[in-house]
Amino acid sequence: MTNSPTSETPPTPAVVFDKVGMAYPGQKAGSELILANLSVTVPQGEFFVLVGPSGSGKSTLLKIVAGTEKQTEGRVLANGNVIDGPDRRRGMVFQSIEEPLFQWLTVAENIGFGPSVAGKSRSECRTIAQHYIDLVGLRGHEAKFPHELSGGMKQRVQIARTLAAEPELILFDEPFAALDALTRRVLQKELTRIWRETGCTMVYVTHDIREAVLLGQRVAVMSRGPRANITRVYDIDLPYPRDDLDSRFADAVKAIEGDIEREAASQWEQN
Ligand SMILES: Nc1ncnc2c1ncn2[C@@H]1O[C@H](COP(=O)(O)OP(=O)(O)OP(=O)(O)O)[C@@H](O)[C@H]1O
């Protein structure tokens with residue numbers, strides 16, 4: 001391979017954290033930063049997963065990218081632009097308890113809501129909604145209201161509603177944590193299919209290391225806070241859909257678990 005000066009410029013990354021530090025406005029004066037000097041880049045189209053001890057600042061990082069919180073130090077870019085508040089190009093999927101659907105709208109109306117706010121006609125909204133209803137496997141449930149749905153179905157609606165706004169990037173904050181194990185398994189599998197079909201960049205926070213290895217092309221491990229940082233990024237070089245019986249899958253889970261246990265142990269030693 002040659003280092004040709006005419007080679008194409010690399011694509012703009014989906015997200016760049018550049019020496020990010022964070023203290024919340026309400027924090028006591030003089031208390032330490034929650035995040036300190038954190039740098040990581042997420043390329044376009046990547047499935048990037050963040051794991052780490054409780055309270056290390058994973059949700060805070062997502063909120064900074066969503067534009068609902070602002071870092072106190074460093075720069076954060078989305079598609080090359082400084083983040084300046086929420087933007088429909090950056091969608092967010094929460095645990096359902098945190099982000100209830102519009103209870104007075106049907107499944108189809110919930111999913112068509114974003115496009116209607118964006119000024120699309122009623123028939124365009126219906127077409128877009130139906131596309132994403134099919135993509136997340138909710139055909140036949142279009143006319144139901146949220147209270148008529150199971151937890152897993154509500155999460156499907158939330159994912160479809162986020163996708164219908166045609167974001168470039170989707171941020172997930174433990175979206176399946178409240179679901180039963182079987183439903184979680186089904187949705188994990190479907191999410192990788194949806195990711196491959198849409199090409200969207202995914203930034204996904206979880207406590208579940210097995211889930212991280214099942215989903216992520218890369219898994220970043222955060223240190224415990226305060227002054228949390230990313231201590232290691234694992235490349236999970238396994239084909240999708242992933243087989244959790246593969247010994248390489250088990251090796252990756254074990255290595256990441258080991259990192260997190262060491263972080264937790266250092267916390268106990270200090271206390
Ligand atoms: N609005 C806020 N004001 C002040 N401090 C906050 C606020 N939100 C979070 N924090 C603090 O910031 C730190 C990081 O919180 P965050 O929720 O980002 O961590 P996390 O890694 O997502 O935790 P978990 O894994 O338990 O969900 C914690 O010490 C938390 O108490």
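Reading the values: rules and limits
Residues numbered from 1 in each chain as written. Predicted model: local features only at pLDDT ≥ 70, side-chain atom pairs only at ≥ 80, totals over all residues. Axes fitted to C-alpha atoms, helices over the stretch in contact; angles between N-to-C directions. Helix = DSSP H or I, 4+ residues; strand = E, 2+ residues; numbered from the N terminus. Parallel < 35°, antiparallel > 145°, perpendicular 65-115°, else oblique. Left-handed = near helix turned anticlockwise from the far one by under 90°. Contact = placed C-beta atoms within 7 Å. Pairing = 2+ DSSP bridges. Core = buried A, V, L, I, M, F, W, Y, C linked by C-beta atoms within 7 Å. Buried ≥ 20, exposed ≤ 12 C-beta atoms within 10 Å, placed from the backbone. Domains from an automatic or database assignment. Near = placed C-beta within 6 Å. Nonpolar A, V, L, I, M, F, W, Y, C, P; charged D, E, K, R; others polar.

**Q** Outline the packing of helix H2 (residues 107-117) against helix H4 (residues 151-164), listing residues and values.
**A** Across the interface, H2 lies against H4 with an axial gap of 7 Å and an inter-helix angle of 25°. Taken together, the axes of H2 and H4 are roughly parallel relative to one another. Pair H2 / H4 crosses with right-handed handedness. Across the interface between the two elements, Val-107, Asn-110, Ile-111, Gly-112, Phe-113, Gly-114 and Pro-115 from H2 touch Val-157, Ala-160, Arg-161 and Ala-164 from H4.

**Q** Go over the sheet that holds strand S2 (residues 35-42) with me, naming the residues and quoting the values.
**A** With respect to topology, 4 strands assemble into an open sheet ordered S2-S1-S4-S5, the strand pairing being antiparallel. Two strands close off the open sheet at either side, each with one partner strand: S2 and strand S5 (81-82). Where strand S1 (residues 15-22) lies against S2, 5 bridges are found, and the strand directions are antiparallel. Of the residues in S2, the one forming a bridge with Phe-17 is Val-40.

**Q** How would you summarise the nonpolar core if you had to cite specific residues and measurements?
**A** Nonpolar side chains in soluble globular proteins tend to be buried together. Ranked by size, the top nonpolar core spans 71 residues in total, and within it Val-65, Ala-160 and Val-203 carry the most contacts. Composition of this core by domain shows at least three residues from each of domain 1 (15-89 + 168-270) and domain 2 (102-166). Discounting residues that sit within four places of it in the chain, Val-65 has contacts with Val-15, Val-76, Ala-78, Ile-83, Arg-90, Leu-171 and Val-203.

**Q** Any chance you could break down the site of the ligand for me, citing the residues and the numbers?
**A** Taken together, 13 residues form the shell around the ligand, and within it Tyr-24, Ser-54, Lys-58, Ser-59 and Thr-60 come nearest. Of the residues assigned to the shell around the ligand, the class counts are 2 nonpolar, 10 polar and 1 charged.

**Q** Go over the domain arrangement of the chain with me, naming the residues and quoting the values.
**A** Segmentation of the chain into domains returns domain 1 (15-89 + 168-270) and domain 2 (102-166). Partitioned by chemical class, the residues of the side of domain 1 that touches domain 2 number 7 nonpolar, 2 polar and 3 charged.

**Q** So, the environment of Asp-18: which residues are in play, and what are the values?
**A** With respect to the helices and strands, the residue Asp-18 is situated in strand S1. With 15 C-beta atoms packed within 10 Å, Asp-18 lands in the partly exposed category. C-alpha of Asp-18 to C-alpha of Asp-244: the two residues are 226 residues apart in sequence and 34 Å apart in space. Discounting chain neighbours no more than four positions away, the residues touching Asp-18 are Ser-39, Gly-74 and Arg-75.

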